[in-house]
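# Structural overview
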Amino acid sequence: MGQFVQFAINGVMAGAIYALIAVGIVSVYKATKVVNFAHGYLIMFGAYFYFTFSVIIPNQPWAPEWLLSWQPDWLVAQKADLPMFSPMGAVLDWVSNLPRIVLGLTGALIANAIVGRIIERVLMRPLMGQSVFAMIMVTVGLISIMSGTASLIWTADAANVPFLSPSAPVKFEAFGTTIFLLGTDLVNMVLALLMFAAIVAFVKFTKGGIAIRATAEDQSTAYSMGISVPKVFSRAWVLASTTGAIAGAILATRNGISPSLGLFGFSVLAIVLMGGLDSYVGVLIAAMTVGVLEAMTQWKLGGSWAEIVPYVAVLIVLIWRPHGLMGQKEVERI
Amino acid sequence: MLTIENIEVTYHHTVQALRGLSLEVPDGKIVTLLGTNGAGKTTTLKAASNLLALENGEIGEGRIAFKGQSIMTVQPDKLVQQGLFHVREGRRIFSEMTVEDNLVAASYALDERKAKADYEKIYDFFPRLKERRKQIAGYLSGGEQQMLAFGRAMIARPELILMDEPSLGLAPKVVEEIFDTIRRLNAEDGVSILLVEQNAGVAFSVADYGYIMESGQIVMEGDVDTLRNDKDIQSFYLGVGEGDERQSFRDVKHYKRRKRWLS
Ligand SMILES: Nc1ncnc2c1ncn2[C@@H]1O[C@H](COP(=O)(O)OP(=O)(O)OP(=O)(O)O)[C@@H](O)[C@H]1O
Ligand SMILES: [Mg+2]
């Protein structure tokens, strides 16, 4: 039972990250009816930007020393007094890294927002009202462009990036077993779920959210009602690229950075299809289901099964409900 | 208020829908535009509200002016800020949103003006909408949906409303109610209206002036009283007299002309 809880928690933590990635795909789909096949590559860009601003720049000779490692007197003094392997030590290490973490996140958010904006303005906007199919094909083309660009820009080997939060281990007893978690994973999960909740609340309860829902349902009627549909488009892309930046930073700290991060987007696309392309709630359920299923197969059957079993579940759901768990029927048209 | 001069419209660069159409809506008047299916009525309205680009349609030649200014390059969301509101064919309410949210969506039309949305006014006009304001709009009856479509237009405080077949699929009693509202809005707030209809009877009951269109062109126009008494219109649009099948209004004329020639 304790093992079960351990793996369930691992699964939920992974599910939260999936959900954060999925939110970008759903938002773009809702606003523009475009299925963004290149979303994984936006996340890869986010990860590389985080690497750039939190590792490359602080390591430059011209960068101030405190940016790479902040060592104020009180921190040095505290550290000296600590016993070995104390959890407090992890927190203090994190504080030393804080300047470059903040720079990394801010830089990744802004840079990725700009990338999202450019994609929308240059590639999507001109096709507005012509053909959604063409726009989807453009996102497929983007995959090659983005992975090519990334390998041109970031030639250096991606070294370790700093964790977003202290990586102190968290241990507690449940059902007679010790549950072991990393503090940083917990914080990542909370961060991902908070962002997800904030976006859903925005769409459900604010006037800006009404503009998005109206555009989702009937673009031209929303437009003729004073809602600036182009603005809704570009906001959706910026939302996708900024949530993607955070997700990219988190993934970079968990699994390191490599061009294969882009492929991760396809697994999440499958999750999104399972939940229903235009349903935040459905996608959250799907993300959690796949996360937990993955952890459970990992536990019972081992790592190689973990990559297959959850996606077999996705296929079964899609055969049973072609528009996903909670998707609108119209989705079928695409 | 609105002047359309000689416009030509093509869809997908191939299908020509309008061929040199002209019409005018004077300040404070109700003008009706009649025509059979596919004549190009909806296209005319979409040209005026600049929605054609979204459907791969294009205005080739001609001019459209609203309040004396050309509006052919003004985006739809800006047009509605200037006071032109298009109530689209088939009502086009946001069916997954509540009645209230539908009205809030329309309040975007006021964003660049000082005005605030007056929801109470709409609920006074249509008490039934008030009762159902928290309901999902897709579950409203057809008549209630038309009221909501109308309510959205009123929220935007337009100077000109383009109305596309408000009577479509509604019971006579509901049609009566909707047309009373049109009359009231015109009389009380001085809103000009361009009314597209298939039901010539009700259209004539509110309009001041009428245009008849066929295959993308105006084929006849005049005061409503003149039109109402026109023999051809009576037989083709008002169902008076011989009721045999004819494909179009042109055929009526043609047929009459031939008859005259024969006799
Ligand atoms: N989006 C479109 N793409 C291509 N052709 C179109 C489009 N919309 C309209 N048409 C064509 O343009 C012509 C005029 O259509 P329009 O919808 O303006 O007619 P209408 O007078 O409003 O007819 P109805 O009374 O049936 O609503 C028709 O031949 C139609 O097939
Ligand atoms: Mg029509």
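This one's a predicted model, so the numbers in the text were calculated from it and none came from an experiment. (Residues numbered from 1 in each chain as written. Chains lettered and ligands numbered in written order. Predicted model: local features only at pLDDT ≥ 70, side-chain atom pairs only at ≥ 80, totals over all residues. Heavy atoms only, no water.)

### Looking at the packing of aromatic side chains
Residues and elements named next belong to chain A. Taken as a whole and assessed by the stated rule, the structure comprises 13 aromatic pairs over all chains. The interplanar angle of 10 degrees and the centroid separation of 4.8 Å between the aromatic rings of Y48 and W154 together place this pair among those described as stacked. Placement of the pair is Y48 in helix α2 (residues 39-56) and W154 in the loop between α6 (132-153) and β1 (169-174), with a sequence separation of 106 residues. Its relative accessible area of 9% is what places W154 among the buried residues. Members of the aromatic cluster, each reached through a chain of ring pairs, are F45, Y48, F49 and W154. The ring of Y29 carries the charged tip of K33 above its face, separated from the ring centre by 5.5 Å. Across the ring face of W320, the terminal group of R321 is positioned such that the distance to the ring centre comes to 5.8 Å. (Phe/Tyr/Trp six-rings, centres within 6.5 Å; stacked < 30°, edge-to-face > 60°. Helix = DSSP H or I, 4+ residues; strand = E, 2+ residues; numbered from the N terminus. Buried < 20%, exposed > 50% of the residue type's maximum accessible area, 1.4 Å probe, protein only. Lys NZ or Arg CZ within 6 Å of the ring centre and 35° of its normal.)

### Considerations on a nonpolar patch on the surface
Residues and elements named next belong to chain A. A cluster of nonpolar residues, L109, I110, I114, I118, V122 and L123, forms a patch on the protein surface that exposes about 500 Å² of accessible area. Mapping I118 onto the fold places it in helix α5 (residues 87-124). Relative accessible area serves as the criterion here: at 47%, I118 is assigned to the partly exposed category. (Patch = residues over 30% accessible without salt bridge, like charges linked within 9 Å, V, L, I, M, F, W, Y side chains within 5 Å. Areas by Shrake-Rupley, 256 points an atom, 1.4 Å probe, with all protein chains shown as cover. Salt bridge = Lys/Arg side-chain N within 4 Å of Asp/Glu carboxyl O.)

### Describing the site of ligand 1
All names here are of chain B. The full set close to ligand 1 counts 15 residues, and K41, T42, T43, E89 and Q198 are the nearest of them. Between ligand 1 and N37, the relevant distance is 2.8 Å, taken from an oxygen atom to a side-chain nitrogen or oxygen of the residue. At a separation of 2.6 Å, an oxygen atom of ligand 1 approaches a polar side-chain atom of E89. Contact with the protein chains covers 70% of the free accessible surface of ligand 1, which is 630 Å². (Near = heavy atom within 4 Å. Polar contact = N/O pair within 3.5 Å; in protein donor to acceptor, adjacent residues only side chain to side chain.)

### Details of the layout of surface pockets
All names here are of chain A. In this structure, the second largest pocket occupies an estimated 580 Å³ of space. Lining the second largest pocket are 21 residues, and of these A14, Y18, R254, E294 and Q298 lie nearest its centre. Secondary structure elements with two or more residues in the lining of the second largest pocket: α1 (2-32), α10 (229-255), α11 (261-275), α12 (280-301) and α13 (303-306). Per-class residue counts for the lining of the second largest pocket are ten nonpolar, seven polar and four charged. (1 Å grid on protein atoms, 1.4 Å probe; cavity = no way out; pocket = protein on both sides within 12 Å on 5 of 7 lines; lining within 4 Å. Points joined across faces, edges and corners; volume = space filled by probe spheres on them. Nonpolar A, V, L, I, M, F, W, Y, C, P; charged D, E, K, R; others polar.)

### What to know about the sheet that holds strand β9 (residues 192-197) of chain B
Residues and elements named next belong to chain B. Spatial ordering of the open sheet is given by β7-β8-β9-β3-β10-β11, a layout of six strands whose pairing is mixed. This sheet does not close on itself; its edge strands, each paired only once, are β7 (84-87) and β11 (217-223). Strand-to-strand, the axes of this sheet are offset by a mean angle of 15 degrees, without reference to chain direction. Sheet topology places strand β3 (residues 30-35) next to β9; five bridges connect them, and they run parallel. Residue I30 lies in a different strand from β9, and its bridge partner there is I193. On the sheet, helix α6 (residues 142-155) packs against β7 and β8 (160-164) and is oriented at approximately 170 degrees with respect to β7. Those strands touched by helix α7 (residues 172-189) are β3, β8 and β9, and its axis lies near 155 degrees from that of β9. (Pairing = 2+ DSSP bridges. Axes fitted to C-alpha atoms, helices over the stretch in contact; angles between N-to-C directions. Contact = heavy atoms within 4.5 Å.)

### Quick look at the interface of chain A and chain B
Contacts between chain A and chain B engage 22 residues on the former and 28 residues on the latter. Here chain A meets chain B over a buried area of about 2200 Å², counting both sides, of which 57% is carbon and sulfur. Contact with chain B buries surface across chain A, with E217, Y223 and M225 of chain A losing the most and accounting together for 30% of the total. Across the contact surface, chain A and chain B share three salt bridges. Where chain A packs against chain B, one counts 14 residue pairs in polar contact (both at pLDDT 80 or more). At the level of elements, α8 (207-217) and α9 (219-223) of chain A are the ones that each hand at least two residues to the side of chain A that touches chain B. (Buried area = accessible area lost by both parts, 1.4 Å probe.)

By themselves, these observations are geometric and do not establish any function.
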